[in-house]
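# An overview of the molecular structure
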Amino acid sequence: MNKKIVVGYDGSSASDNAVDFAVNLAKASQAGLVIAHILEWSPYTFLTPNEIEERHARRTEELERAHKAVLDPVMQKLSKDGVEATSELRYGHIAETLIKIADADGVEQIVIGRTGHSQLSTRVFGSVAGSLAQAAPVPVTIVP
Amino acid sequence: MKKSFAAALAASIVLACTLPAMAQSIDEQVNTLFANSTGWFVSFIFSPFPGTSFPWIVGWLVIAATVFTIYFGFIQFRAFPHSIALVRGDYSDPEDAGEVSHFQALATALSGTVGLGNIAGVAVAVGIGGPGATFWMILAGLMGMASKFTECTLGVKYRNEFPDGTVSGGPMYYMTKGFEERGLPAGKILAVMFAIFCILGAFGGGNMFQANQAHAQIANVVGDYPGWITGLIFAAIVFAVIVGGLKSIASVTEKVVPFMGVLYVLTALVILLMNADKIGWAFGQIFEGAFTGLGVAGGFVGALIQGFKRAAFSNEAGVGSAAIAHSAVRTKEPITEGFVSLLEPFIDTVVICTMTALVIIITGQLVSDPETGLYVLNEAGSAIQTVDGNSGVALTSAAFSSAFGWFQYVLAVAVVLFAFSTMISWSYYGLKAWTFLFGEGKTKELVFKVIFCIFVVIGAAASLGPVIDFSDAAIFAMAVVNIVALYALMPIVKRELNSYLTRLKSNEIKKFT
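The following refers to the structure shown.

Cut-offs and rules
Residues numbered from 1 in each chain as written. Chains lettered and ligands numbered in written order. Predicted model: local features only at pLDDT ≥ 70, side-chain atom pairs only at ≥ 80, totals over all residues. Heavy atoms only, no water. Helix = DSSP H or I, 4+ residues; strand = E, 2+ residues; numbered from the N terminus. Rg over C-alpha atoms; globule rule 2.2 N^0.38 Å. Buried < 20%, exposed > 50% of the residue type's maximum accessible area, 1.4 Å probe, protein only. Contact = heavy atoms within 4.5 Å. Areas by Shrake-Rupley, 256 points an atom, 1.4 Å probe, with all protein chains shown as cover. Lys, Arg positive; Asp, Glu negative; His and termini not counted. Charge placed at Lys NZ, Arg CZ, Asp CG, Glu CD. Buried area = accessible area lost by both parts, 1.4 Å probe. Salt bridge = Lys/Arg side-chain N within 4 Å of Asp/Glu carboxyl O. Polar contact = N/O pair within 3.5 Å; in protein donor to acceptor, adjacent residues only side chain to side chain. Nonpolar A, V, L, I, M, F, W, Y, C, P; charged D, E, K, R; others polar. Core = buried A, V, L, I, M, F, W, Y, C linked by side-chain atoms within 4.5 Å. Pairing = 2+ DSSP bridges. Right-handed = clockwise from strand over helix to strand, strands pointing away. Patch = residues over 30% accessible without salt bridge, like charges linked within 9 Å, V, L, I, M, F, W, Y side chains within 5 Å. Axes fitted to C-alpha atoms, helices over the stretch in contact; angles between N-to-C directions.

What follows is about the overall build of chain B. On a plain count of helices and strands, chain B comes out with 20 helices and 2 strands. Here chain B has a C-alpha radius of gyration of 23 Å; the compact-globule value for 513 residues is 24 Å, and the two agree. Relative to its full complement of 513 residues, chain B shows a buried share of 57%. For chain B, contacts bridging at least 24 residues in sequence account for 82% of all contacts bridging at least 6. As displayed, chain B has an accessible area near 20,300 Å², and 69% of this comes from carbon and sulfur atoms. Both charge centroids of chain B, one from 27 positive and one from 31 negative side chains, sit 9 Å from each other.

Take a look at the structure:
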């Protein structure tokens with residue numbers, strides 16, 4: 001199994017749609033699925049001394065929670081449906097990290113759900129879909 | 001019910017009216033008590049070398065910085081590019097994303113040191129020592145980089161990691177663990193002494209002095225009013241943050257402070273560019289004044305003392321506080337945090353302090369005799385005559401405002417925020433020393449935090465000359481103990497350094513990007 005489809009997943013209903021879509025796609029092209037959950041994080045933010053001290057413990061907690069609340073349910077559902085899938089849990093800028101995962105061998109395309117942010121926030125911060133469309137090394141499908 | 005409420009209201013009004021008077025009498029009592037019981041300590045710490053006016057504690061810091069600079073082969077210059085690469089994240093393992101980055105550790109430590117020292121301290125140095133003080137300040141900043149490098153490497157190497165994932169580090173821990181490892185005696189005694197001085201320094205220079213100067217700056221802009229009001233407001237906010245765990249205020253401050261710092265430097269740069277033709281002259285004054293004194297109080301020795309003293313106050317190199325701040329970073333190599341920390345005195349002293357000094361010199365705040373070119377002293381002969389008779393933070397404010405009138409308001413906001421972030425940092429340093437002495441525990445920590453908040457009010461309420469003298473002395477006393485430990489443990493740092501540099505050369509440690 002070499003071919004892979006990366007799904008950007010955050011537990012929202014839009015990202016559930018993306019998974020459903022990607023499952024059909026994977027079945028049709030006999031590709032494997034990579035369910036990727038990215039925790040938004042930047043190494044250049046500013047923290048208080050206390051936050052710095054607790055950061056390592058927090059990170060462990062955050063990873064656990066992400067597994068339990070976001071990734072485990074979808075992975076269980078996929079395995080029940082007999083779909084072969086692996087999961088990726090990472091910290092970073094969402095679009096950049098998805099691109100990094102997609103750079104790995106055999107990734108055919110990226111599937112993400114449309115989040116539907118307001119125009120203003122998109123204008124100010126940019127959107128994951130927009131950044132992926134501009135910079136992704138493989139085709140990107142946006143599921144409404 | 002209503003009656004008791006009214007009674008409570010009346011009582012609180014009476015209390016509010018008598019508070020200033022109470023604070024006044026408490027002030028006097030505290031002043032006298034402190035002056036009587038701690039005067040010997042203050043005069044001991046700041047006493048000059050026999051037959052000179054050079055305080056031995058400044059010599060102690062400068063000699064240490066020189067020793068570390070030579071012992072580590074001018075590490076501050078050799079490792080400078082590598083330090084930048086570390087902060088940029090070139091050597092950070094992507095697997096560690098989500099942990100504290102080098103950048104974050106540096107930014108947090110910087111917001112603890114960048115503050116009044118850079119704004120008020122420099123003005124004092126240039127006001128008394130003349131432009132030449134800038135030269136010695138820059139030199140002390142460059143040398144201080146080696147002290148920071150040494151203490152922060154040790155801070156990370158000997159920190160305590162607890163099962164819940166939190167970390168405690170700092171001089172107390174390298175004194176106990178490091179001395180034991182090297183088979184040296186008295187590590188525990190040094191650690192206890194350091195912890196005591198650190199707590200006193202946290203209450204004083206890291207708290208009362210900040211509250212006091214913040215109040216002075218606010219009163220300067222909005223007009224005079226009783227200090228205890230500022231004190232209560234500050235104490236309430238500090239209480240909300242350190243006791244109530246109200247993180248939003250602290251994180252807002254942590255985000256605003258760096259921008260204030262950048263805005264400060266940018267404004268200074270714009271003023272310098274507007275006076276570009278005078279930059280050469282200003283540096284000429286700095287170099288000439290460094291060796292001749294240009295007629296300032298105390299001649300060139302006066303310039304030298306002021307430069308060294310203010311640099312030490314500002315960047316805290318050798319004091320040991322930075323070792324506490326830097327020790328929580330996630331790194332497999334303690335030495336990398338040493339590399340990162342050496343940027344701290346550079347940014348704090350060599351960049352920001354120099355900007356302040358240049359702006360004061362270039363905007364012509366210091367009055368000189370047009371015929372001889374020498375500076376004119378004020379009537380008391382203790383400092384250089386300034387255009388409006390300003391000194392301290394008011395001198396910096398006047399220098400910046402002479403170019404941009406609105407900047408005094410920005411500066412007032414900046415001073416308050418810097419003071420607040422310094423307080424938050426020092427409450428953390430003090431707490432670490434406190435838990436080292438008394439052990440970890442919710443109640444024990446609460447006791448410290450409540451005392452800390454009380455000192456905020458006391459600090460803002462009045463000018464507590466002797467108390468502030470004492471707290472400055474306590475911060476420098478931290479350096480006395482800390483530097484002894486640094487001398488004892490520097491071979492360990494050298495071993496770490498050599499091993500790391502060898503592996504860096506052989507590409508065993510390489511960039512991830």
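Turning our attention to the interface of chain B and chain A. Listed per partner, the contact involves 31 residues of chain B and 20 residues of chain A. For the pair chain B and chain A, the two sides together bury roughly 2,400 Å², of which 62% comes from carbon and sulfur. Sorting the residues of chain B by area buried against chain A places Gly98, Glu99 and Gln104 of chain B first, and these three jointly supply 21% of that buried surface. Applying the counting rule to chain B against chain A returns 2 salt bridges. Run the count over chain B and chain A and you get 12 residue pairs in polar contact (both at pLDDT 80 or more). Among the elements of the structure, helix 4 (80-88), helix 5 (102-113), helix 11 (247-274) and helix 18 (407-438) of chain B are those that each provide at least two residues to the side of chain B that touches chain A. With 6 residues, helix 11 of chain B is the single largest residue contributor to the side of chain B that touches chain A. Looking at the side of chain B that touches chain A residue by residue, the classes come out as 12 nonpolar, 9 polar and 10 charged.

Glancing now at the nonpolar core. Core analysis: the largest hydrophobic core is formed by 142 residues, its most contacted members being Phe72, Ile75, Phe149, Met172, Tyr174, Met175 and Phe339 of chain B. If we ignore the near neighbours within four places in the chain, the residues touching Ile75 of chain B are Thr69, Phe80, Ala146, Phe149, Phe339, Leu342 and Leu497 of chain B. Membership of the second largest hydrophobic core comes to 25 residues, among which are Ile5, Ala22, Val23 and Met75 of chain A.

Turning to the side chain of His37 of chain A, a few remarks are in order. Residues and elements named next belong to chain A. Within the element layout of this structure, His37 appears in strand 2 (residues 32-40). Using a relative accessible area of 7% as the deciding quantity, one classes His37 as buried. Here the side chain of His37 touches Tyr9 through a polar contact of 2.9 Å, landing on its backbone oxygen. Filtering out sequence-adjacent residues up to four positions away, His37 remains in contact with Tyr9, Asp10, Ala66, Val70, Leu71, Glu88, Leu89 and Arg90.

Let us now look at the pairing of strand 1 (residues 4-8) of chain A. Residues and elements named next belong to chain A. Of all 5 residues in strand 1, 4 are buried, a share of seventy percent or more. Pairing between strand 1 and strand 2: 5 bridges, direction parallel. When the bridges of strand 2 are listed, Ile5 appears paired with Leu33. For the crossover from strand 1 across helix 1 (residues 13-29) to strand 2, the handedness is right-handed. As judged from the 5 bridges shared by strand 1 and strand 4 (residues 107-113), these two strands associate in the parallel manner. Looking across to strand 4, one finds that Val6 is bridged to Ile110.

Residues and elements named next belong to chain B. By secondary structure assignment, the location of Gly318 is in the loop between helix 13 (299-315) and helix 14 (321-326). On the accessibility criterion, Gly318 (1% relative accessible area) is buried. As for Gly318 and Tyr429, which are separated by 111 residues in sequence, their C-alpha atoms are 15 Å apart. Other than its neighbours up to four places away in sequence, Gly318 contacts Leu61, Ser147, Glu151, Ala479, Asn482 and Ile483.

What follows concerns a nonpolar patch on the surface. Residue and element names in this part refer to chain B. On the surface, Val221, Val222, Trp406 and Tyr409 cluster together into a nonpolar patch covering about 420 Å² of accessible area. Note that Tyr409 resides in helix 18. On the basis of relative accessibility, which here comes to 48%, the residue Tyr409 falls in the partly exposed class.

The next thing to look at is the sheet that holds strand 2 of chain A. Residues and elements named next belong to chain A. Ordered by their spatial adjacency, 5 strands build an open sheet running 3-2-1-4-5, and the pairing between neighbours is parallel. Every interior strand has two partners, whereas the edge strands, strand 3 (85-92) and strand 5 (140-143), have only one. The average angle at which neighbouring strand axes cross in this sheet is 25°, direction not considered. Across the face of the sheet, helix 1 comes into contact with strand 1, strand 2, strand 4 and strand 5 while running at roughly 150° to strand 4. Set on the sheet, helix 5 (residues 128-135) makes contact with strand 4 and strand 5; between it and strand 4 the angle comes to about 160°.

Residue and element names in this part refer to chain B. Scanning the entire structure with this criterion turns up 15 salt bridges over all chains. For Arg495, the salt bridge goes to Glu181, with nearest N and O atoms at 3.9 Å. Here Arg495 is found in helix 20 (residues 465-505), whereas its partner Glu181 is found in helix 8 (residues 171-182), with 314 residues between them in sequence. Assessed through its relative accessible area of 53%, Arg495 is described here as exposed. The exposure class assigned to Glu181 is partly exposed, which follows from its relative accessible area of 46%.

Keep in mind these values describe shape, not function.
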